[in-house]
Amino acid sequence: MRDPYSVLGVSPSASDEEVKKAYRDLARRYHPDNYQNNPLADLAEEKMKEINEAYDTITKQRSGGASGGYQQGYQQSYQRTADPTYIRVRNLINAGDLNSAEQLLFEMGRKDGEWYFLSGSIAYRRGWLDEAMQNYAQAVQLDPNNMEYRQALAVMQRGAMGGYRPMGYSSAGCDPCTTYLCCSMCTPWGGPCC
Amino acid sequence: MFGYVRPFQPELKCKDLSLYQATYCGLCRCLRRRYGLIAPLFLNYDFTFLALLLWEPEASFVPCRGRCHAGLLRKEPMCPDSPALDQAADQSVILAWWKLRDSVRDEGFWRGIPARILSWLMGPARRKAARRRPAFDRTVQSCLEELSALEGEGCPSLDRTADTFARLLQSAAPQEGARGRILSQLLYHLGRWIYLADARDDLEEDRLAGRYNPVAARYGPAGDDRALRLTMDQSLELIGAALQLGDFGCRLPVLENIIYLGLPRVEEAVFDGSWKEIKKQKIRRNDR
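Bear in mind the structure is a predicted one, so any value in this text is a computation, not a measurement.

1. Let's talk about the overall build of chain B
Check the secondary structure of chain B and you find 11 helices and two strands. Reading the secondary structure of chain B in the N-to-C direction produces α-α-β-β-α-α-α-α-α-α-α-α-α. Here chain B has a C-alpha radius of gyration of 19 Å; the compact-globule value for 288 residues is 19 Å, and the two agree. Expressed as lengths along the three principal axes of its C-alpha atoms, the size of chain B is roughly 50 × 40 × 40 Å. Long-range pairs, those at least 24 residues apart, make up 73% of the contacts in chain B with a sequence separation of at least 6.

Spelled out as structure tokens, the structure:
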């Protein structure tokens, strides 16, 4: 295992606060929410595991006991669907075999919410985001109560507002709150200048 | 390519600007050394980004001083030759040449003359580059052929047309291992984003000329800026997510600047029509 301090990017003499801050920043960066459906999700998960282990090791070393790492287990927990073909399609998508998954879907006669959701997932994995969103929207329309479909669509609709931004890049000129804050700090009367 | 991939200079630290400039100048020198005096014509910001991305993460930034191609009396700090610069130089020659062939075919006899002359002059350079990167040469050719076939049949799918250019750019990096996967996702979505930005930029011009435009084919002749921006922003998200997973050493701050500030700003400009102005701006230090 790598040196836990170099994993977190801090020196061994860093204070508990600094370690915690570094850990939090990294955990935010590689949080599973930022890699939902992402073909690189497994790499992010590995990183997350490495960071958690490093933080655990350091806190154990320092306190000689309990640790308080980020331990929320994350699995791509798909809802179990009744149709065995859909389960096979999901497994194929998870294994990265998109062509076979698409072929299986193609051979099915009926098209319901699940069908559109899985087509959307295949398109998303390919990077065909426009088609992915159309399919997700269709799935939500056919089955408005399914949280999985709604979440997939919501992730796509949040666009540039979601996801991780490194320090100092959070206001790319489009975040109204930050812009307002900057303006009110720059002007002597404390109000908006624009 | 098109120059869409550029840093946002006001937010770039001095040392990162020096790194960026030395990479740019280094790429210019690399083009000149490998492909002769007219090859630096193909120098652009997009391939400077590619060189920064492909650089070995453990290599630190040690510039040397070299003579500038544009003003031979001036000496500038430049990155010395490296595999990443060589690769970016080879690939920019290949892509530029195939784009020239494309415009020769699209422009008709008289208006195609400059492109024909230039592509004739660059023929030997491209053959040399193709010998060095045969796989990339083949992919560029086949992707551009696919693209013009889709354009010819008026393909209504935004993703299918963008996919051809995205795959083209994706093939610029090696695909093996975890790093390969990261780079290939990053470049795929960068290619997609560039293609869509270019299509939006050409929307008005294509409409007047009665040409095919993928944005018009998908959303109607006026386009749909909200929907298009959303899908472009999603690609930017995935580019950022991929960048965070990779190891880019001392080049990370420049890459972050380009991805989190440069690209969104260019996108903004393409949509509000100020891109032509920004395109002309040079990325350089003011003290020279």
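We are not done yet, so read on.
2. Some points on the environment of B:S171
All names here are of chain B. As for its placement among the helices and strands, S171 is situated in the loop between α6 (158–170) and α7 (177–209). Between the C-alpha atom of S171 and that of A135, which follows or precedes it by 36 residues, the distance is 8.4 Å. Setting aside residues no more than four positions away along its own chain, S171 makes contact with Q91, F136 and T139.

3. Quick notes on the domain arrangement of chain B
Residues and elements named next belong to chain B. Per the domain assignment, the segments of chain B are domain 1 (1–132) and domain 2 (133–246). If you average the C-alpha positions of domain 1 and of domain 2, the two centres end up 21 Å apart. Contact with domain 1, which involves 27 residues of that partner, is made by 25 residues of domain 2. Roughly 2,200 Å² of surface becomes buried between domain 1 and domain 2 when both sides are summed, with 68% attributable to carbon and sulfur atoms.

4. A word on helix α7 (residues 129–142) of chain A
If you check α7(A), its first and last C-alpha atoms are 20 Å apart, about what 14 residues at 1.5 Å a residue would give, namely 20 Å. Of all the residues in α7(A), the buried ones are A:L129, A:D130, A:A132, A:N135, A:Y136, A:A139 and A:V140. Of the surrounding secondary structure, the elements contacted by the buried residues of α7(A) are α6 (113–126) and α8 (147–157) of chain A together with α6, α7, α8 (214–219) and α9 (225–245) of chain B.

5. Observations regarding the packing of aromatic side chains
Under the defined criterion, the tally for this structure stands at 10 aromatic pairs over all chains. Every member of this aromatic cluster is reached through a ring pair, and the members are A:F117, A:Y136 and A:Y149.

Cut-off values and rules
- Residues numbered from 1 in each chain as written.
- Chains lettered and ligands numbered in written order.
- Predicted model: local features only at pLDDT ≥ 70, side-chain atom pairs only at ≥ 80, totals over all residues.
- Heavy atoms only, no water.
- Helix = DSSP H or I, 4+ residues; strand = E, 2+ residues; numbered from the N terminus.
- Rg over C-alpha atoms; globule rule 2.2 N^0.38 Å.
- Contact = heavy atoms within 4.5 Å.
- Domains from an automatic or database assignment.
- Buried area = accessible area lost by both parts, 1.4 Å probe.
- Expected span 1.5 Å × (residues − 1).
- Buried < 20%, exposed > 50% of the residue type's maximum accessible area, 1.4 Å probe, protein only.
- Phe/Tyr/Trp six-rings, centres within 6.5 Å; stacked < 30°, edge-to-face > 60°.

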